[in-house]
Amino acid sequence: MKAMNRCILAIVAAPLAWSLGACSNDEPEYRVPTDVCYDFVTFESKDAKGSDFSLRRSGDSELINYHSGYSFDQDTVLHPGYRFIIQYKRVDGEPYTSGRITLYGYRLLDNANSQQLVGYDPQNPSEMVKPQTMTRTGQYINMQMQMSCMHAAKAKTMELAVDSSTLNSDVPELKLVYHASSPGENYTTGYASFDVSSVWDLPTCRGVKVTCRTPNGDESSIFYK
């Protein structure tokens, strides 16, 4: 599977997972334009005046900062560093430039809130996934995939694990470990974003290899510095 620079339009594949409507308080009538953007972002902060997010468009491109007039309610569990996907449009400027956005929806991810890497346990192999897109934006590896399951539900386990035997190599290997809440032979769309800085920042690291277990065998993408 080839690494891709962006993961935008494909994200629309799971519309029922979006939290919509409530994010449209910037406009008198809720209406999603046809030219909205979909991106993995990092949540920075929120207050009574709105919410702030950051992202890189691809690789190590310039950090972009967005502000939305929408303020998440207290029941929405967000904290600085939280990763998720937003559906939005820049209000008064070009796409992918810092500034104010109208937030039309958001989707939480299928991996754990911590987003951190874990150690790989060969006795705990992953269930099947079908990778669709995989990108690196700054310190994050972002994924869209089809997850094997019986019924569509949030993953029981979605982790990116470090193969310790490769940690001192110039391209350490990271393995996706997925377990369904209800294992089966159906598939549902899933999204994940992982902070790989603990490996990426090693002085010996020139890149990382990300491997997924698929019905066609292991599939890998390599991201170089």
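In what follows, the structure referred to is the one given above.
My aim in this report is to walk through the structure given alongside it, one point at a time. Predicted model only: the values in this text are computed from it and were never measured.

1. Looking at the overall build of the chain
Secondary structure summary: the chain contains one helix and 14 strands in total. For the chain, buried positions account for 48% of its 225 residues. Partitioning the intrachain contacts of the chain with sequence separation of at least 6 by distance along the chain shows that 68% fall at a separation of at least 24. Looking at the chain as shown, the accessible area adds up to about 11000 Å², and 49% of this sits on carbon and sulfur atoms.

2. Re the nonpolar core
Grouped together as the largest cluster of nonpolar side chains are 26 residues, with contacts concentrated most on Met143, Met158, Leu160, Leu174, Leu176 and Val210. Elements supplying a minimum of two residues to this core: strand S8 (129-137), strand S9 (140-149), strand S10 (157-162), strand S11 (173-179), strand S12 (186-195), helix H1 (197-200) and strand S13 (207-214). In terms of residue count, S9 provides more of this core than any other element does, five residues in total. Apart from residues no more than four positions distant in its own chain, Leu160 is found in contact with Gln116, Leu117, Val118, Met143, Leu174, Lys175, Leu176, Phe194, Val196 and Val210. Val41, Phe53, Tyr88 and Tyr106 belong to the second-largest nonpolar core, a separate cluster that totals 18 residues.

3. Section: the pattern of salt bridges
Under the defined criterion, the tally for this structure stands at six salt bridges. Linking Arg107 and Asp110 is a salt bridge whose minimum nitrogen-to-oxygen distance equals 3.4 Å. Among the residues examined, Arg107 registers a relative accessible area of 7% and is labelled buried. For Asp110, a relative accessible area of 7% translates into the label buried.

4. Some words on the packing of aromatic side chains
Each aromatic ring pair is described using two quantities: the centre-to-centre distance and the angle formed by the ring planes. For the coordinates displayed, the defined rule picks out ten aromatic pairs. When the ring of Phe53 is compared with that of Phe72, the centres are 6.4 Å apart and the planes differ by 85 degrees; the resulting orientation is edge-to-face. Of this pair, Phe53 sits in strand S3 (residues 50-56) while Phe72 sits in the loop between strand S4 (63-68) and strand S5 (83-90), and the two are 19 residues apart along the sequence. Taking the relative accessible area as the measure of exposure, Phe72 reaches 2% and is therefore buried. Relative to Phe84, the ring of Tyr82 lies with its centre 5.9 Å away and its plane at 70 degrees, an arrangement referred to as edge-to-face. Grouping residues by exposure puts Tyr82 and Phe84 together as buried.

5. Side note on the sheet that holds strand S7 (residues 118-119)
One open sheet holds the five strands; their spatial order is S7-S10-S11-S13-S14, and the pairing between them is mixed. Edge positions in the open sheet fall to S7 and strand S14 (217-224), since each of these has one partner strand only. Here S13 pairs with S14 via eight bridges, running antiparallel. Paired with Arg213 across the two strands is Asp218, which belongs to S14.

6. Comments concerning the environment of Thr102
Structurally, Thr102 is set in strand S6 (residues 99-107). The spacing of Thr102 and Val36 is 66 residues in sequence and 9.5 Å in space, taken between C-alpha atoms.

7. Some thoughts on the environment of Val199
By secondary structure assignment, the location of Val199 is in helix H1. Taking the relative accessible area as the measure of exposure, Val199 reaches 2% and is therefore buried. Spatially, the C-alpha atom of Val199 lies 9.5 Å from that of Val171, the residues being 28 residues apart in sequence.

8. Details of the pairing of S13
A large share of S13 lies buried, amounting to six of its eight residues. Both S11 and S13 contribute to a ladder of three bridges, which runs parallel. The partner of Leu174 across the bridge, within S13, is Val210. Joining the antiparallel neighbours S13 and S14 is a turn of two residues.

The rules behind the values
Here the residue index of a chain counts from 1 through its sequence in written order. In keeping with the predicted nature of the model, local features appear solely for residues at pLDDT of at least 70, side-chain atom pairs appear and are counted solely at 80 or more, and the whole-chain, interface and lining totals rest on all residues. Excluding hydrogens and water, the side-chain figures rest on all heavy atoms present in the structure. Strands here are runs of E lasting at least two residues and helices are runs of H or I lasting at least four, both read from the DSSP assignment and numbered beginning at the N terminus. Buried, partly exposed and exposed residues are distinguished by accessible area as a fraction of the type maximum, computed with a 1.4 Å probe on protein chains only: under 20%, between the cut-offs, and over 50%, respectively. Any pair of residues with heavy atoms lying within 4.5 Å of one another is described as a contacting pair. Computed with the Shrake-Rupley method and a 1.4 Å probe, the accessible areas treat only the protein chains shown as cover for residues. In plain words, nonpolar cores are sets of buried Ala, Val, Leu, Ile, Met, Phe, Trp, Tyr and Cys residues tied together by side-chain atoms within 4.5 Å. The rule for a salt bridge is simple: a side-chain nitrogen of Lys or Arg has to be within 4 Å of a carboxyl oxygen of Asp or Glu. Whether two aromatic rings pair depends on their centres lying within 6.5 Å, for rings of Phe, Tyr and Trp, where Trp uses its six-membered ring; planes under 30 degrees apart make the pair stacked, over 60 edge-to-face, and the rest tilted. One requirement defines pairing of two strands: DSSP has to find at least two bridges between them.

Honestly, that's just the spatial picture; any functional story needs more than this.
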